[in-house]
Amino acid sequence: MKILSVIGTRPQFVKAAVICRATRNRAEIVHKVVDTGQHYDAAMSDVFFQELGIPAPEYNLAVGSASHGIQTGEMLKRLDPVLVSEKPDWVLVYGDTNSTLAGVLAASKLHIATAHIEAGMRSYNRSAPEEINRLLTDKIADLLLCATPYALDNLRKERLEDRALVTGDVMYDAYLTVREAAEARSASFASACPANEFALATIHRADNTDNPDRLKTLLGALERVAREICPVLLPVHPRTRGMLANLGYEPSHIKIVEPVSYLNMLYLLKRACFVMTDSGGVQKEAYFAQTPCITMRDETEWNETLENGCNVLTGADEAKIFSAALSARRAGPWRAVFGAGDAAEQILQALQGARELTLGPSMVSSSVA
Ligand code: UD1
């Protein structure tokens, strides 16, 4: 069985690493990786391959940054010849980015079977590009691999459950694999981040960064937390860095640093007394590390994390963010909702099973020949 993973952004490098590891010593599976090049800065891409111990992708399409339409269109154009020449049995796509949508669309047009990892996530906010990517990807993909039962319920509401199954979450697999290495880490900024005495923050969603008033409110809230509760560390995504420069913002209490690597992020997440974020992945990683999370969005696709105050939605509301930060230490207990750490194994079995049952070994190859 030949599998081609299409990835392009920071969280997708982590997710695909789990599949790389699971397929590494399996003679019956060939797994190749296409990086669209959506994230291209070394701190956003190369360091993830190094830390996760996965080989460089076989293909890098180097699409870089552009408007959503142009970026997605470029990906489609550059994916086509790769798919025609590789003729995979499966194209695997991950999460909800433009790389996800381009991968599933390019493969479907060539009648190549597709599977979506993290299927069924919904925020029900159609103004977010990620929600459009999720809806379209789940509509097209042949196999919908859900991280949680909640995601499967969402697919049921859209009558897509016939193609779906729950496998557990590959990000949880990744977390378990590197947890010890991450926690034993002595990051260069450790002295600035004593355990349980600082809060970690991230902001990168277009909803938050591209609206100057909303971004100013969030920064005001983080400054207040840093001034009145505990130091705040903000590793800053390039999108946010650009927007902070446009605002002419100079931090007074927040400590701003460059984007951090995967292991350093997990190290910081475990040491922080709470996290303030708008990232889907960080909400989950905070949950895995049992660190209370404050999500500075109006909705989340990871509703499981909201139980027992483990994650609290505040939107861009300074008073709500501050009050959630004051009560964060009372969060928990955390339930095991993201599987058993064997999601990659379950995904490979599902691909193998679906191929034998419904596709037949020759259908995919002959359709792209
Ligand atoms: C993308 C995903 C988002 C995911 C996030 C993870 C989409 C629509 N969004 O958002 O769902 O949570 O990745 O990080 O696919 N930039 C750089 N260097 C880089 C990458 C980006 O400078 O290596 C800058 C560029 O100015 C670019 C901007 O960041 O225009 C946004 O990057 P883009 O890849 O479009 O979306 P993200 O915000 O990273």
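Residues numbered from 1 in each chain as written. Predicted model: local features only at pLDDT ≥ 70, side-chain atom pairs only at ≥ 80, totals over all residues. Heavy atoms only, no water.

What about the domain arrangement of the protein?
Thinking step 1. When its domains are assigned, the protein resolves into domain 1 (2-169 + 339-364) and domain 2 (184-330).
Thinking step 2. Placing a centre on the C-alpha atoms of domain 1 and another on those of domain 2 gives a separation of 27 Å.
Thinking step 3. Between domain 1 and domain 2, roughly 1,800 Å² of surface is buried when both sides are summed, and carbon and sulfur atoms account for 56% of that area.
Thinking step 4. The largest contributions to the domain 1 side of the interface with domain 2 come from Glu51, Met121 and Tyr150, which together make up 27% of the buried area.
Thinking step 5. At the boundary of domain 1 and domain 2, one finds 4 salt bridges.
Thinking step 6. Lys284 serves as the salt-bridge partner of Glu118, at 2.9 Å between the closest nitrogen and oxygen. (Domains from an automatic or database assignment. Buried area = accessible area lost by both parts, 1.4 Å probe. Salt bridge = Lys/Arg side-chain N within 4 Å of Asp/Glu carboxyl O.)

Notes on the environment of Ala343
Thinking step 1. Take Ala343: it is sitting in helix α14 (residues 343-359).
Thinking step 2. Along the backbone, Ala343 and Ile19 are 324 residues apart, and their C-alpha atoms lie at a distance of 9.2 Å.
Thinking step 3. With residues up to four places along the chain from it excluded, the contact list for Ala343 reads Thr167, Gly168, Asp169, Val170 and Asp173. (Helix = DSSP H or I, 4+ residues; strand = E, 2+ residues; numbered from the N terminus. Contact = heavy atoms within 4.5 Å.)

What about the pairing of strand β5 (residues 113-119)?
Thinking step 1. For β5, a buried count of 7 out of 7 residues is recorded, marking the element as mostly surrounded by other parts of the structure.
Thinking step 2. Assessed by its sense of winding, the connection that carries the chain from strand β4 (residues 90-94) through helix α4 (residues 98-109) to β5 is right-handed.
Thinking step 3. Handedness of the β5-helix α5 (residues 129-140)-strand β6 (residues 143-146) crossover: right-handed. (Buried < 20%, exposed > 50% of the residue type's maximum accessible area, 1.4 Å probe, protein only. Right-handed = clockwise from strand over helix to strand, strands pointing away.)

Quick notes on the packing of aromatic side chains
Thinking step 1. Tallying each qualifying case throughout the model produces 7 aromatic pairs.
Thinking step 2. Their ring planes at 80 degrees and their centres at 5.4 Å tell us that Phe288 and Phe338 sit as a pair that is edge-to-face. Taken together, the residues Phe288 in helix α12 (residues 280-288) and Phe338 in the loop between α13 (318-327) and α14 connect sequence positions 50 residues apart. By the burial criterion, Phe288 is buried, and Phe338 matches it.
Thinking step 3. Within the aromatic cluster, the residues linked to one another by ring pairs are Tyr172, Tyr175, Tyr287, Phe288, Trp302 and Phe338.
Thinking step 4. Above the face of the Phe322 ring, Arg224 is positioned so that its terminal group lies 3.7 Å from the ring centre. (Phe/Tyr/Trp six-rings, centres within 6.5 Å; stacked < 30°, edge-to-face > 60°. Lys NZ or Arg CZ within 6 Å of the ring centre and 35° of its normal.)

Let's talk about the sheet that holds strand β3 (residues 59-60)
Thinking step 1. Strand order across the open sheet formed by 7 strands is β3-β2-β1-β4-β5-β6-β7, with parallel pairing between neighbours. In this open sheet, the two edge strands, each paired with only one partner strand, are β3 and β7 (164-166).
Thinking step 2. Sheet analysis places strand β1 (residues 2-7) next to strand β2 (residues 30-35), joined by 6 bridges and oriented parallel. When the sheet's bridge partners are listed, Val6 is paired in β2 with Val34.
Thinking step 3. Running over the sheet, helix α1 (residues 10-23) touches β1, β2, β4 and β5 and is turned about 165 degrees from β2.
Thinking step 4. The strands touched by α5 within the sheet are β4, β5 and β6, with β5 carrying the most contacts at an inclination of about 140 degrees. (Pairing = 2+ DSSP bridges. Axes fitted to C-alpha atoms, helices over the stretch in contact; angles between N-to-C directions.)

Side note on the nonpolar core
Thinking step 1. Among the nonpolar cores identified, the biggest contains 94 residues, and Leu92, Leu200, Tyr262 and Leu351 are the most heavily contacted of them.
Thinking step 2. Examining the composition of this core, we find that 8 residues originate from one element, α1, more than from any other.
Thinking step 3. When we break this core down by domain, the ones giving at least three residues each are domain 1 (2-169 + 339-364) and domain 2 (184-330).
Thinking step 4. Discounting chain neighbours no more than four positions away, the residues touching Leu351 are Met1, Ile3, Trp90, Leu92, Ala115 and Leu143.
Thinking step 5. Among the nonpolar cores identified, the runner-up in size contains 27 residues, and Ile203, Val232, Met276 and Ala328 belong to it. (Core = buried A, V, L, I, M, F, W, Y, C linked by side-chain atoms within 4.5 Å.)

Examining α1
Thinking step 1. Its 14 residues place the ends of α1 21 Å apart at the C-alpha level, agreeing with the 20 Å of an ideal helix rising 1.5 Å per residue.
Thinking step 2. A large share of α1 lies buried, amounting to 11 of its 14 residues. (Expected span 1.5 Å × (residues − 1).)

Regarding the packing of helix α9 (residues 212-228) against helix α10 (residues 238-247)
Thinking step 1. Packing of α9 against α10 brings their axes to within 11 Å, and their N-to-C directions diverge by 95 degrees. Judged on the interaxial angle alone, α10 and α9 are roughly perpendicular. Where α9 approaches α10, its residues Pro212, Leu215, Lys216 and Leu219 are matched on the opposing element by Met243, Leu244 and Leu247.
Thinking step 2. For the contact of α9 with α10, a count of residues per class yields 6 nonpolar, no polar and 1 charged. (Parallel < 35°, antiparallel > 145°, perpendicular 65-115°, else oblique. Nonpolar A, V, L, I, M, F, W, Y, C, P; charged D, E, K, R; others polar.)

Quick notes on the site of the ligand
Thinking step 1. Taken together, 21 residues sit near the ligand, with Gln38, His39, Glu130, His237 and Arg239 positioned nearest.
Thinking step 2. In the environment of the ligand, an oxygen atom lies 2.9 Å from a nitrogen or oxygen atom belonging to the backbone of Tyr40.
Thinking step 3. Notes on the ligand: free accessible area 750 Å², of which the protein chains cover 86%.
Thinking step 4. Contributing elements (two or more residues each) for the shell around the ligand: α1, α3 (68-86), α5 and α10.
Thinking step 5. Of the residues in the shell around the ligand, the class split is 5 nonpolar, 10 polar and 6 charged.
Thinking step 6. Taken domain by domain, the shell around the ligand gets at least three of its residues from each of domain 1 (2-169 + 339-364) and domain 2 (184-330). (Near = heavy atom within 4 Å. Polar contact = N/O pair within 3.5 Å; in protein donor to acceptor, adjacent residues only side chain to side chain. Areas by Shrake-Rupley, 256 points an atom, 1.4 Å probe, with all protein chains shown as cover.)

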